[in-house]
Amino acid sequence: MNASDAGPPADPGDELPAVAPQLRALRRRTGLTLEAAARAAGLSPAHLSRLETGQRQPSLPMLLALARIYGTTVSELLGETVADRDAIVRSGDMEPTRAGGWTYFQAGAPGRGMQALRVRVPYGSQGDVVRVHPGEEWLYVLRGRLRLRLGDAAHLLAPGDSAHFDSLTPHRLAAVDHDGVELLFVHTLLQSPTATLCLGPLTGELP
């Protein structure tokens, strides 16, 4: 038996809201067979079938894996409805958050499959932090110069330059100039605090 098949049967009194029909509907929406979806998630087809019929409860790692495969969020997998979000984000409404020496501003609505940020990276801050995480990342240099290391390759990006890469590629970001660098970030990571997604491990507490 696949190790990921282990787990207690679903308790009707503790059932996740609408998760079983949502799992099946979203899989069909993506055009994946039961076998293909199960293989991509590291499950057996029998186990995924039990999840889709409500005979088993998915763990959080399973939900995260299935959300990524189906191109959605854990909230949608759970059948949760999200209140309408304003499509426009005004600069005056962007509250800065500081973590690990960086300052970032939400540039998009929270709870979406993509997260957009404007980030200020000061000189000498977190340049030695290697980041590796699921998802894709796109960045655009607004001001200053950025040193970006992707795997074994080093790149120098100037204003107007951009990069788009798989975030499972080990990457490091550092400001080249003493005035720092300002970036636009868009990433596809889900269900994690924004600071953890883009800033990596933090040594201090968020304000």
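Below or above, wherever it landed, is the structure these notes cover. (Residues numbered from 1 in each chain as written. Predicted model: local features only at pLDDT ≥ 70, side-chain atom pairs only at ≥ 80, totals over all residues. Heavy atoms only, no water.)

Turning to the sheet that holds strand β5 (residues 146–150), a few remarks are in order. If you trace the three strands from one edge of the open sheet to the other, you get β6-β5-β8, paired in antiparallel fashion. The open sheet has two edge strands with one neighbour each: β6 (153–157) and β8 (171–175). Taking each pair of neighbouring strands and ignoring which way they run, the sheet shows an average axis angle of 20°. (Pairing = 2+ DSSP bridges. Helix = DSSP H or I, 4+ residues; strand = E, 2+ residues; numbered from the N terminus. Axes fitted to C-alpha atoms, helices over the stretch in contact; angles between N-to-C directions.)

Here we take up the pattern of salt bridges. All chains considered together, the criterion is met by six salt bridges. Ionic pairing is found between Glu 182 and Arg 118, a salt bridge with its closest N-O pair at 2.9 Å. Taken together, the residues span a long stretch of sequence, with Glu 182 in strand β9 (residues 181–187) and Arg 118 in strand β3 (residues 115–121) at a distance of 64 residues. With relative accessibility at 12%, the residue Glu 182 sits in the buried group. Residue Arg 118 is classed as buried on the basis of its relative accessible area, which comes to 18%. Residue Glu 182 is joined to Arg 143 by a salt bridge in which the shortest nitrogen-to-oxygen separation is 3.7 Å. Of this pair, Glu 182 sits in strand β9 while Arg 143 sits in strand β4 (residues 136–143), placing them 39 residues apart in sequence. Given a relative accessible area of 38%, Arg 143 falls into the partly exposed group. It is possible to trace a salt-bridge network through shared partners that takes in Arg 118, Arg 120, Arg 143 and Glu 182. (Salt bridge = Lys/Arg side-chain N within 4 Å of Asp/Glu carboxyl O. Buried < 20%, exposed > 50% of the residue type's maximum accessible area, 1.4 Å probe, protein only.)

The interhelical angle for the contact between helix α1 (residues 19–29) and helix α3 (residues 45–52), taken along N-to-C directions, is 120°, at an axis separation of 7 Å. Considering their axes alone, α1 and α3 lie oblique with respect to each other. Here Ala 20, Pro 21, Leu 23, Arg 24 and Arg 27 of α1 lie close against α3, whose contacting residues are Leu 48, Leu 51 and Glu 52. Among the residues forming the contact of α1 with α3, the class breakdown is five nonpolar, no polar and three charged. (Parallel < 35°, antiparallel > 145°, perpendicular 65-115°, else oblique. Contact = heavy atoms within 4.5 Å. Nonpolar A, V, L, I, M, F, W, Y, C, P; charged D, E, K, R; others polar.)

Moving on: the packing of α1 against helix α4 (residues 60–70). The description of two helices packed together rests on the angle between their axes and the distance between the axes. Taken N-terminus to C-terminus, the directions of α1 and α4 make an angle of 30°; their axes are 10 Å apart at the nearest point. By the angle class used here, α1 and α4 are roughly parallel. In the packing of α1 onto α4, the handedness of the crossing is left-handed. Contacts from Val 19, Leu 23, Leu 26, Arg 27 and Arg 29 of α1 reach α4 at Leu 63, Leu 66 and Tyr 70. Among the residues forming the contact of α1 with α4, the class breakdown is six nonpolar, no polar and two charged. (Left-handed = near helix turned anticlockwise from the far one by under 90°.)

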